[in-house]
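# Commentary on secondary and tertiary structure
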Amino acid sequence: MAAGYNAASAVAEFHETHAGVRGLVESGVTTVPPIFLMPATAPPLSSPAPTTAFAVPVVDLSLPRSDTVELVREAAASLGIFHVTNHGVHAGTVDSAISAVRAFHEQPVAARSAFYSAASVGAVVYSTSTNPAPQRGQPAALPPLAWRDSLTVHFDYGDDSAAPDDLPPVCRDELLEYHRSLTQLGKEIAALLSEALGLPSERLEQALQMEGSSVMVCHYYPPCPEPLRVVGTRPHTDASVFTLLAQDDVGGLQVRLDHGNGEWVDVVPVTGALLVNIGDVLKVVSNDDYKSVEHRVVIKSPQDARVSIALLFKPAKCGESDLFGPLQELVAEGRHLRYRSLTFSQLMNYRRELGHARLSLDRFKIAFDNS
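About the thresholds
Residues numbered from 1 in each chain as written. Predicted model: local features only at pLDDT ≥ 70, side-chain atom pairs only at ≥ 80, totals over all residues. Heavy atoms only, no water. UniProt positions renumbered as here; feature names shortened; annotations may be inferred. Helix = DSSP H or I, 4+ residues; strand = E, 2+ residues; numbered from the N terminus. Pairing = 2+ DSSP bridges. Axes fitted to C-alpha atoms, helices over the stretch in contact; angles between N-to-C directions. Salt bridge = Lys/Arg side-chain N within 4 Å of Asp/Glu carboxyl O. Buried < 20%, exposed > 50% of the residue type's maximum accessible area, 1.4 Å probe, protein only. Parallel < 35°, antiparallel > 145°, perpendicular 65-115°, else oblique. Left-handed = near helix turned anticlockwise from the far one by under 90°. Contact = heavy atoms within 4.5 Å. Nonpolar A, V, L, I, M, F, W, Y, C, P; charged D, E, K, R; others polar.

As recorded by an unreviewed UniProt entry, the protein chain carries the name Fe2OG dioxygenase domain-containing protein and is attributed to Eragrostis curvula. The heading Sequence similarities (unreviewed entry) in the UniProt record of the protein chain holds the text "Belongs to the iron/ascorbate-dependent oxidoreductase family."

Given below as structure tokens:
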């Protein structure tokens, strides 16, 4: 790196273009700018083949209810992620949304830059992932920017909720229809996850007051001239109840296995399927019956852009007095209470402090004697 190089200034100059990572690609860059480079000491992004066979579980929602509930329970408890098929969302709705997201990110910069925000603040925001705080024990140097642009739409209650006219015209109708369809599927997934805990189907949605509260994040990973030197999405767990994800066929999503050596393994796209990802809120509420899986995105191709749409379902009440914790039914009959009650803002603040690391829930765990 050249003497006198100032990373903070370079990041600021990048954001001032309002063009995102796509703008770099459009400019014809042949090497990755330093603000995106992974540190030389970082673990390699290319993982060796896992020591055990791996495939993300697939849950067919057309099966008898009892069979579906059992498959959901097994997948949520063992891995925290699973595909769903025969989910009732029309394939054209998903395909149109993916195409519309691609169209937004690939339209001329003058059209997309109007939505750009370096601070990622607003009901509808176009942004490039900003730097998290360094994880505890790491140097304070700026981590690399993610090789990724995102269009984020908040469908929350209150003043921060997006109105239909707030969405970019090039993808407005497609994303609103996608949100409507996925919200309906989300209700069904919440019911299945609740039943899989041995609870009434409406228990989770009522306990977390999830009605109408979600965030849609439309990611675009531009092709990269040096894909192994950048990160698409850094390792993290989701701070949601659960997430529904649609992705194109480019690939790049990986999860870290808990067993073996903690290998990173590919989540291969399944045609017609949507991905369900358990979040930290549900891990707490389930009293650790469910896992929230650590995942990341690596850049697979120097030629092809990857598109994905994540709809994160979250508690509607996220104020300083809105506590959540393990459901009382799940700590009966001598079972240990594994988490103290916390607020969503406490969870988010600690996640930022740790750089969204997988240890984000440790502060809220309750220690107990196994003897």
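Attention now moves to unusual backbone geometry. Even without a glycine there, the phi angle at N86 is positive, about 50°. Positionally, N86 belongs in the loop between β2 (81–85) and α4 (91–106). Although it is not a glycine, N287 adopts a positive phi angle of roughly 60°. Counting through the fold element by element, N287 comes out in the loop between α8 (280–285) and β11 (295–297).

Read from one edge of the open sheet, eight strands run β1-β2-β10-β7-β12-β5-β4-β3, paired in mixed fashion. Lying at the two open borders of the sheet, with one neighbouring strand each, are β1 (58–60) and β3 (124–128). The mean inter-strand angle of the sheet, taken between neighbouring strand axes irrespective of direction, is 25°. Pairing between strand β5 (residues 214–221) and strand β12 (residues 306–313): eight bridges, direction antiparallel. Paired with C218 across the strands is I309, a residue of β12.

In total, this model carries 16 salt bridges according to the counting rule given. For K300, the salt bridge goes to D266, with nearest N and O atoms at 3.2 Å. Placement of K300 in the loop between β11 and β12 and of D266 in strand β9 (residues 264–266) is noted, with a sequence separation of 34 residues between them. A residue is classified by how much of its surface remains accessible, and D266, at 35% relative accessible area, is partly exposed. Two residues, D288 and K283, come together in a salt bridge whose shortest N-O distance is 3.0 Å. Judged by relative accessible area, D288 falls into the partly exposed class, the value being 21%. Note on K283: relative accessible area 17%, which makes it buried. Overlapping salt bridges bring together R22, E26 and R112 as one network.

Right, let's talk about the pairing of strand β4 (residues 149–155) for a bit. Counting buried positions along β4 yields six of seven residues, so the element is predominantly enclosed. Where β3 and β4 come together, five bridges link them in antiparallel fashion. Directly across from Y126, in β4, lies its bridge partner L151. Strand direction decides the pairing type here: β4 and β5, joined by seven bridges, are antiparallel. When the sheet's bridge partners are listed, D149 is paired in β5 with Y220.

As a further point, take the packing of α4 against helix α6 (residues 172–196). Taken N-terminus to C-terminus, the directions of α4 and α6 make an angle of 140°; their axes are 9 Å apart at the nearest point. With respect to each other, α4 and α6 are oriented oblique. Where α4 crosses over α6, the handedness of that crossing is left-handed. Along the contact surface, α4 presents T93, V94, S96, A97, A100 and V101, while α6 presents E174, L175, E177, Y178 and S181. Looking at the contact of α4 with α6, its residues break down into six nonpolar, three polar and two charged.

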